[in-house]
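Chain residues, written in single-letter form:
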Amino acid sequence: MAKHEHVRVAVIGSGFGGIGAAVRLRREGITDFVVLERADSVGGAWRDNSYPGCACDVPSHLYSFSFAPNPDWPRTFSGQRHIRAYLEHVTDTFGIRPHLRLNHEMLKARWDAEALRWEIETSGGTFSAEVLISAAGPLSDPRIPDIPGLADFPGKVFHSARWDHDYDLRGKRVAMVGTGASAIQIVPEIQREVGRLTLFQRTPPWVMPRMDRAISGVERRLHRALPVTATLRRGVLWGIRELQVGAFTKHPGELGLVERLAKANIARSIKDPELRARLTPSYRIGCKRILLSNTYYPALARPNVDVVASGLREVRGSTVVAADGTEAEVDAIVFGTGFHVTDIPIAERVVGAEGHTLAESWKDGVQVLRGATAGGFPNLMMIIGPNTGLGNSSMILMIESQLNYMADYLRQLNVLGGRAALAVRPSAVNAWNRKVQSRMERTVWKAGGCDSWYLDANGRNTTLWPGTTAEFRRETRRVDLSEYEVIRAPRTAPAERRTPKKKETAR
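Just so it is clear, the structure is predicted and the values come from calculations on it, not from any experiment.

Conventions adopted
Residues numbered from 1 in each chain as written. Predicted model: local features only at pLDDT ≥ 70, side-chain atom pairs only at ≥ 80, totals over all residues. Heavy atoms only, no water. 1 Å grid on protein atoms, 1.4 Å probe; cavity = no way out; pocket = protein on both sides within 12 Å on 5 of 7 lines; lining within 4 Å. Points joined across faces, edges and corners; volume = space filled by probe spheres on them. Nonpolar A, V, L, I, M, F, W, Y, C, P; charged D, E, K, R; others polar. Buried < 20%, exposed > 50% of the residue type's maximum accessible area, 1.4 Å probe, protein only. Helix = DSSP H or I, 4+ residues; strand = E, 2+ residues; numbered from the N terminus. Pairing = 2+ DSSP bridges. Right-handed = clockwise from strand over helix to strand, strands pointing away. Axes fitted to C-alpha atoms, helices over the stretch in contact; angles between N-to-C directions. Parallel < 35°, antiparallel > 145°, perpendicular 65-115°, else oblique. Contact = heavy atoms within 4.5 Å. Phe/Tyr/Trp six-rings, centres within 6.5 Å; stacked < 30°, edge-to-face > 60°. Lys NZ or Arg CZ within 6 Å of the ring centre and 35° of its normal. pLDDT = per-residue confidence, 0-100. Salt bridge = Lys/Arg side-chain N within 4 Å of Asp/Glu carboxyl O.

Engineer: Explanation requested: the layout of surface pockets in the structure shown.
Structural biologist: Using a probe with the size of a water molecule, rolled over the atoms, empty space left in the structure can be pinpointed. In this structure, the second largest pocket spans a volume of roughly 640 Å³. Residue lining of the second largest pocket: 21 residues in total, with R241, Q244, I290, L292 and N392 positioned closest to the centre. Looking at the lining of the second largest pocket residue by residue, the classes come out as 14 nonpolar, three polar and four charged.

In structure tokens, the structure reads:
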């Protein structure tokens, strides 16, 4: 039987959120913690997504921790291989390896109200922890739509986040389902080698040129010799994106110029007016994430590519059928259909103080305080929680803000002393979410005329933050104890345990 381990803090996941949490814990002087990871290595989304062409759409010097600058990024927009290597480097540099519990998938976590701790069952053993940090992230579990006939398809089927590198696509007839950030990177890479590529597009994305280039050796040497130059570079990248936020959150009409530039980008690469019409969105730019690519449109114009302006409806043997009736014979189906974002599966595995799962408590809609704490789940914190996503900047900025909140949360528990827990007040959760959703109404994500993965089943945007990263940092700098109830462990044991034993008389 696997042994039981008790720690002060258990962290779920080893992507940017989990590794960041681990580093911050050590910097706070906390070493009694574990990082539970279901895979055999760290990396999170940058480990799982290894598809051809996988890269980041945020500049490298902004898509890294402020406490772990990397002067040696090879490109202005780095690829998956280099980002994953960066996370491995951070793990080693800050001494996180001893805390890792790889191949430990979190199966169930239950709050023990009497002991004031979390009881955690994993695929590699059991744990208990005073504080549970969920850093599983919203891009962890691939979503494949329920397509009639898919189970009987005789060819190969896989999701972009579970790429089958053993399957040779050369000369094959391939169906690419979806046109999100992954698909626009995959299409140009596989178009060159497949026999025929059929792209199923429910909604065309807005695509802007990718201003990518190699970072010169001179630049890298300068950043190594004078770290302040890399800090300045990061600051400029951050500042530009902060200035853009107002157009997304308050004045969507200001995005008109950007939209005209995006249309010009389509016209440069797509000369066929019919294809150009199929690839031109009808919603305001920014309503869905603006994608970056210099090769996507040229690939779609190649003679071995068919763009079907409709989603995949069913599969009949080797034939894929679109909603508009278009059919194609294919050997493989690749899904670039995103992830379970507003219905994260881990929510079904976390059981709170009232015996309900996190998913059950969110049945009427996801609600948390400051993207971190949920009502009914004491001493549970989330990194990259609801309404912390960004539409135009680096998620690492948001992660570091949440790490500040996590650190102060743990300090408050220290100040309280003894066996104690913090339970967020429902009134605080409701007030915070009313404010966030009120601000959301003016944003391009709500008013832009699209149906995006940012929205839940009720049409609420529970994914993005409707403000600047500086605003979010101010909102999460400190824990406001008035938003929490302090829970104390019972001071005395049950009556039958309180009766002292009689002292034996020495003979």
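Engineer: Explain the pairing of strand 1 (residues 4-12) here, please?
Structural biologist: When you tally the buried positions in strand 1, you get seven out of nine residues, the bulk of the element. Pairing geometry for strand 1 and strand 6 (residues 125-134), over eight bridges, is parallel. Note on strand 6: the bridge partner recorded for H6 is S128. Direction of pairing for strand 1 relative to strand 2 (residues 33-36): parallel, over a ladder of four bridges. Across the sheet, the residue bridging to I12 is L36, located in strand 2. Chirality of the crossover, the property in question, places the unit of strand 1, helix 1 (residues 16-27) and strand 2 among those that are right-handed.

Engineer: Could you clarify how one ought to interpret the packing of helix 5 (residues 217-225) against helix 6 (residues 227-249) in this entry?
Structural biologist: For the pair helix 5 and helix 6, the least separation of the axes is 4 Å and the interaxial angle reads 110°. The angle between the axes of helix 5 and helix 6 places the two elements in the roughly perpendicular class. Along its contact with helix 5, which presents E219, L222, H223, R224 and A225, the element helix 6 presents P227, T229, A230 and R233. Taken together, the residues of the contact of helix 5 with helix 6 sort by class into four nonpolar, two polar and three charged.

Engineer: Whenever I open this one, empty space enclosed by the protein confuses me. Can you help?
Structural biologist: If you walk through the whole model with that rule in mind, you get one cavity of 30 Å³ or more. Its volume calculated, the largest cavity comes out at about 40 Å³. Contributing to the lining of the largest cavity are V245, F248, T249, L390, G391, N392, W445, W465 and G467. Among the elements that line the lining of the largest cavity, the one with the most residues is helix 6, at three residues. Its residues placed into classes, the lining of the largest cavity shows five nonpolar, four polar and no charged.

Engineer: Explanation requested: the sheet that holds strand 8 (residues 173-177) in the structure shown.
Structural biologist: Strand pairing in a sheet takes place through backbone hydrogen bonds and is either antiparallel or parallel in direction. One open sheet holds the five strands; their spatial order is 7-16-8-9-12, and the pairing between them is parallel. Two strands in the sheet have a free side with no partner beyond their single neighbour: strand 7 (156-159) and strand 12 (305-308). Taking the axes of each pair of neighbouring strands and ignoring which way they run, one obtains an average angle of 15° across the sheet. Relative to strand 16 (residues 332-335), strand 8 runs parallel, the two being bridged by four bridges.

Engineer: Help me understand the packing of aromatic side chains, please; the structure alone is not making it clear to me.
Structural biologist: For any two aromatic rings, the description comes down to two numbers: the centre-to-centre distance and the angle of the planes. All chains considered together, the criterion is met by 16 aromatic pairs. Summarising the aromatic geometry, the rings of W46 and Y63 are spaced 5.9 Å apart at their centres and angled 75° between planes, so their arrangement reads as edge-to-face. Within this pair, whereas W46 is found in helix 2 (residues 45-48), its partner Y63 is found in the loop between helix 2 and helix 3 (80-93), the two being separated by 17 residues in sequence. For Y63, a relative accessible area of 13% corresponds to the buried category. Connected via pairs of aromatic rings, a cluster forms that spans F16, W46, Y63, F65, F67, W73, Y86 and F94. In this arrangement the basic side chain of K172 is found over the ring face of Y167, its NZ or CZ atom lying 5.2 Å from the centre. The ring centre of W465 lies 5.6 Å from the NZ or CZ of R439, which sits over that ring.

Engineer: In this structure, what is going on with the sheet that holds strand 13 (residues 312-316)? I would like to understand it.
Structural biologist: In space, the three strands of this open sheet follow the order 13-14-15, with antiparallel pairing throughout. Of all strands in the sheet, those with a lone pairing partner are strand 13 and strand 15 (327-329), marking the two edges. Neighbour-to-neighbour, the strand axes of this sheet turn through a mean angle of 25°, independent of strand direction. Relative to strand 14 (residues 319-322), strand 13 is paired through four bridges, and the arrangement is antiparallel. Its bridge partner lying in strand 14, L312 is registered against A322.

Engineer: Explanation requested: unusual backbone geometry in the structure shown.
Structural biologist: Across the chain, the bulk of peptide bonds are trans and the bulk of non-glycine residues have phi less than zero. In this structure, N103 takes a positive phi of about 60° despite not being glycine. Summarising the element assignment, N103 is placed in the loop between strand 3 (100-101) and strand 4 (106-112). At I384, a residue that is not glycine, the phi angle is positive and equals roughly 60°. In this fold, I384 is placed in the loop between strand 18 (380-382) and helix 11 (395-416).

Engineer: Before we go on, may I ask you to explain the confidence of the model for the chain in this structure?
Structural biologist: Atomic detail in the predicted coordinates should be set aside for any region of low pLDDT. Summing up the model confidence of the chain, the mean pLDDT is 95 and the portion of residues at 70 or higher is 96%. Counting contacts from residues 493-507, a segment whose pLDDT is below 50, to residues more than four positions away or on other chains yields two contacts.

Engineer: Explanation requested: the pattern of salt bridges in the structure shown.
Structural biologist: A side chain of one charge can pair with a side chain of the opposite charge if their charged atoms are brought near each other. Overall, the coordinates contain 34 salt bridges when judged by the stated rule. One salt bridge connects R370 with E483, and the closest N-O pair in it is separated by 2.7 Å. Within this pair, whereas R370 is found in the loop between helix 10 (358-361) and strand 18, its partner E483 is found in the loop between helix 14 (469-475) and strand 20 (484-488), the two being separated by 113 residues in sequence. Grouping residues by exposure puts R370 and E483 together as buried. Notably, a salt bridge pairs R439 with E471, separated by 3.2 Å at the nearest N-O pair. Residue R439 is found in helix 12 (residues 426-440), and its partner E471 is found in helix 14; the two are separated by 32 residues along the sequence. Judged by relative accessible area, which is 22%, E471 ranks as partly exposed. A network of salt bridges, in which partner residues are shared, links R24, E28, D408 and R411.

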